[in-house]
Amino acid sequence: MKELIKQYETAKNSAKMYMKNGQINAYFEALLEMNKCKKMMVAVVAN
């Protein structure tokens, strides 16, 4: 679970950086990574 939280936070920080720099495609990729991590965290908590 700690690894998932770290991945989520890393993706969140990179998404912020990409948005500030105007890199829209990279921003969306980071958002997708955040979404994947969030789903995995919910699955871990459910089990």
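Here, the structure is the one placed above.
Rules of the game
Numbering of residues starts from 1 in each chain and follows the order in which that chain's sequence is written. Local features are withheld for residues below a pLDDT of 70 in this predicted model, meaning they are given only at 70 or higher, and side-chain atom pairs are given and counted only at 80 or more; totals for whole chains, interfaces and linings count all residues. Remark: hydrogens and water are excluded; side-chain values derive from all non-hydrogen atoms of the structure. Working definition: helices are DSSP H or I runs of at least four residues, strands are E runs of at least two. Numbering for both runs from the N terminus. A 1.4 Å probe rolled over the protein chains alone gives each residue an accessible area, and that area as a share of the maximum for its type sets the label: buried under 20%, exposed over 50%, partly exposed in between. In short, Shrake-Rupley with a 1.4 Å probe defines the accessible areas, and a residue's cover is counted only from the protein chains shown. Neither His nor the chain termini are counted; the positive set is Lys and Arg, and the negative set is Asp and Glu. To locate a charge, the coordinates of NZ of Lys, CZ of Arg, CG of Asp or CD of Glu are taken. The length a helix should cover is 1.5 Å for every residue beyond the first. Residues count as neighbours in contact if any of their non-hydrogen atoms are within 4.5 Å of one another. Only the six-membered ring of Trp is used, alongside the rings of Phe and Tyr, when aromatic pairs are assigned; centres must lie within 6.5 Å, and planes under 30 degrees apart are stacked while those over 60 apart are edge-to-face, with the rest tilted. Patches here are clusters of residues that have more than 30% relative accessible area and form no salt bridge, with a 9 Å joining cutoff for like charges and a 5 Å cutoff for nonpolar side chains (Val, Leu, Ile, Met, Phe, Trp, Tyr). Whenever a carboxyl oxygen of Asp or Glu lies within 4 Å of a side-chain nitrogen of Lys or Arg, that contact is scored as a salt bridge. Side-chain atoms within 4.5 Å are what join buried Ala, Val, Leu, Ile, Met, Phe, Trp, Tyr and Cys residues into a set we call a nonpolar core.

Give me the overall build of the protein chain: which residues, what numbers.
Along the backbone of the protein chain there are two helices and zero strands. A principal-axis box enclosing the C-alpha atoms of the protein chain has dimensions of 40 × 15 × 10 Å. For the protein chain, buried positions account for 21% of its 47 residues. Roughly 3800 Å² of accessible area belongs to the protein chain as shown, and the carbon and sulfur atoms make up 58% of that amount. Considering the protein chain, the positive charge centre built from 8 side chains and the negative charge centre built from 4 side chains are found 6 Å apart.

Quick rundown of helix H2 (residues 24-46)? Include the residues and the values.
The end-to-end C-alpha separation of H2 is 33 Å, in line with the 33 Å expected for 23 residues at 1.5 Å each. Lining the buried residues of H2 we find helix H1 (2-21).

Now, about the packing of aromatic side chains: what can you tell me, with residues and values included?
Evaluated as defined, the whole model comprises one aromatic pair. With a centroid separation of 5.7 Å and an interplanar angle of 50 degrees, the aromatic rings of tyrosine 27 and phenylalanine 28 are classed as tilted. You can call phenylalanine 28 partly exposed: its relative accessible area is 46%.

Could you give an account of a positive patch on the surface, naming the residues involved and the relevant values?
A surface patch of positive charge is lined by Lys12, Lys16, Lys20 and Lys38. The greatest single-element share of the positive patch, amounting to three residues, is contributed by H1. Note on placement: lysine 16 falls in helix H1.

An account of the nonpolar core is needed here, citing residue identities and associated values.
Here is a general trend for soluble globular proteins: nonpolar side chains tend to be buried in one another's company. Membership of the largest hydrophobic core is limited to nine residues, which are Leu4, Tyr8, Ala11, Ala15, Tyr27, Ala30, Met34, Cys37 and Met41. Looking at this core, the elements that each hand over two or more residues are H1 and H2. No other element matches the five residues that H2 contributes to this core.

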